[in-house]
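So the chains spell out like this:
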Amino acid sequence: MPKINGNEIRPGNVLEHNGGLWAAVKVDHVKPGKGGAFAQVELRNLRNGSKLNERFRSADKVERVRLEQKDMQFLYEADGMLSFMDTETFEQVELPAEILGERRPFLQDGMTIVVEFHEAEALNASLPQKVTCQVTETEPVVKGQTAANSFKPAILDNGVKVMVPPFVGQDEMIVVNTETMEYSERA
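Residues numbered from 1 in each chain as written. Predicted model: local features only at pLDDT ≥ 70, side-chain atom pairs only at ≥ 80, totals over all residues. Heavy atoms only, no water.

Draft legend 1. Expanded view of the nonpolar core. Counting 28 residues, the largest nonpolar core has Phe-84, Phe-106, Leu-107, Ile-113, Leu-156 and Ile-174 as the members making the most contacts within it. Among the elements of the structure, β7 (68-78), β8 (81-86), β9 (92-96), β10 (112-118), β12 (130-138), β13 (152-156), β14 (161-164) and β15 (173-177) are those that each provide at least two residues to this core. Residues from two domains meet in this core; each of domain 2 (68-126) and domain 3 (130-186) gives at least three. The contact partners of Phe-84, leaving out residues within four places of it in the chain, are Met-72, Gln-73, Phe-74, Leu-75, Glu-91, Gln-92, Val-93, Leu-95, Leu-107 and Ile-113. Within the second largest apolar cluster, 11 residues are counted, among which are Ile-9, Ala-24, Val-27 and Val-62. (Core = buried A, V, L, I, M, F, W, Y, C linked by side-chain atoms within 4.5 Å. Buried < 20%, exposed > 50% of the residue type's maximum accessible area, 1.4 Å probe, protein only. Helix = DSSP H or I, 4+ residues; strand = E, 2+ residues; numbered from the N terminus. Domains from an automatic or database assignment. Contact = heavy atoms within 4.5 Å.)

In structure tokens, the structure reads:
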């Protein structure tokens, strides 16, 4: 594993620290008037989700971990566990549904997602950036309502509520950004 200096830590880096695997969420470089500069790093534990604030001086060495990314296909959900299949080896893996957090409703049958592994342990899963959903309930289209930046609430087929432009009607297919959970475009 490569060791990096404390001032080389960037958001998204995965570090081995205090015997656990941590993802850097936020990094602030602080230069106090007296003493040496340091990086104030907010870390999130990849195994249990706990958070930790840590200071790293530029002389401190930390272990940077590379995670292996695999494309996996979603099969089914049972008892709070999501089953995925490796698209190359057809090997099946079960992950807890909480791993996706609030993005869980966007997971659709047969969808291919990226699962990150450290050695043989699955640590993280990420959905495609854009997902196509159907609008099941929204206010009717009103002609002439073309004011800039006017949005109306809509409920999607997966139960998620998003704001959509006034021209989007019921039963239309739209594309939703899974990172921001906002309307992106018509499908």
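Let's pick the thread back up.
Draft legend 2. Local environment of the sheet that holds strand β4 (residues 38-45). Pairing in this open sheet of six strands is antiparallel, and the strands run β1-β6-β2-β3-β4-β5 from one edge to the other. Bordering the open sheet on either side are β1 (3-5) and β5 (51-57), each of which pairs with just one other strand. For this sheet, the mean inter-axis angle between neighbouring strands, taken without regard to orientation, is 50°. Bridging between strand β3 (residues 20-30) and β4 involves eight bridges; their strand directions are antiparallel. Counterpart to Val-30 in the pairing with β4 is Phe-38. (Pairing = 2+ DSSP bridges. Axes fitted to C-alpha atoms, helices over the stretch in contact; angles between N-to-C directions.)

Draft legend 3. Main features of the confidence of the model for the chain. A residue-level look at the chain finds 97% of positions with pLDDT of 70 or above and a mean pLDDT of 87. Averaged pLDDT values over the elements of the chain bottom out at 82 in strand β11 (residues 121-126) and peak at 93 in β15. (pLDDT = per-residue confidence, 0-100.)

Draft legend 4. Geometry of the domain arrangement of the chain. When the domains of the chain are assigned, the result is domain 1 (3-65), domain 2 (68-126) and domain 3 (130-186). Domain 2 and domain 3 are separated by 27 Å when their C-alpha centres are compared. Taken together, the six residues of domain 2 in the interface contact 10 residues of domain 3. Roughly 680 Å² of surface becomes buried between domain 2 and domain 3 when both sides are summed, with 67% attributable to carbon and sulfur atoms. Summed over the shared surface of domain 2 and domain 3, the result is zero salt bridges. Among the residues making up the side of domain 2 that touches domain 3, the classes are represented as three nonpolar, one polar and two charged. (Buried area = accessible area lost by both parts, 1.4 Å probe. Salt bridge = Lys/Arg side-chain N within 4 Å of Asp/Glu carboxyl O. Nonpolar A, V, L, I, M, F, W, Y, C, P; charged D, E, K, R; others polar.)

Draft legend 5. Structural context of the sheet that holds β10. Read from one edge to the other, the open sheet built from five strands follows the order β9-β8-β7-β10-β11, with strand pairing classed as antiparallel. Looking at strand neighbours, the two that pair on one side only are β9 and β11, the edges of this open sheet. Neighbour-to-neighbour, the strand axes of this sheet turn through a mean angle of 45°, independent of strand direction.

Draft legend 6. Broad picture of the pattern of salt bridges. If you walk through the whole model with that rule in mind, you get seven salt bridges. The salt bridge partner of Arg-186 is Glu-172, with a shortest N-O separation of 2.9 Å. Taken as a pair, Arg-186 in strand β16 (residues 182-186) and Glu-172 in the loop between β14 and β15 lie far apart in primary sequence, 14 residues in all. A relative accessible area of 43% places Arg-186 in the partly exposed class. Judged by its relative accessible area of 23%, Glu-172 is partly exposed.

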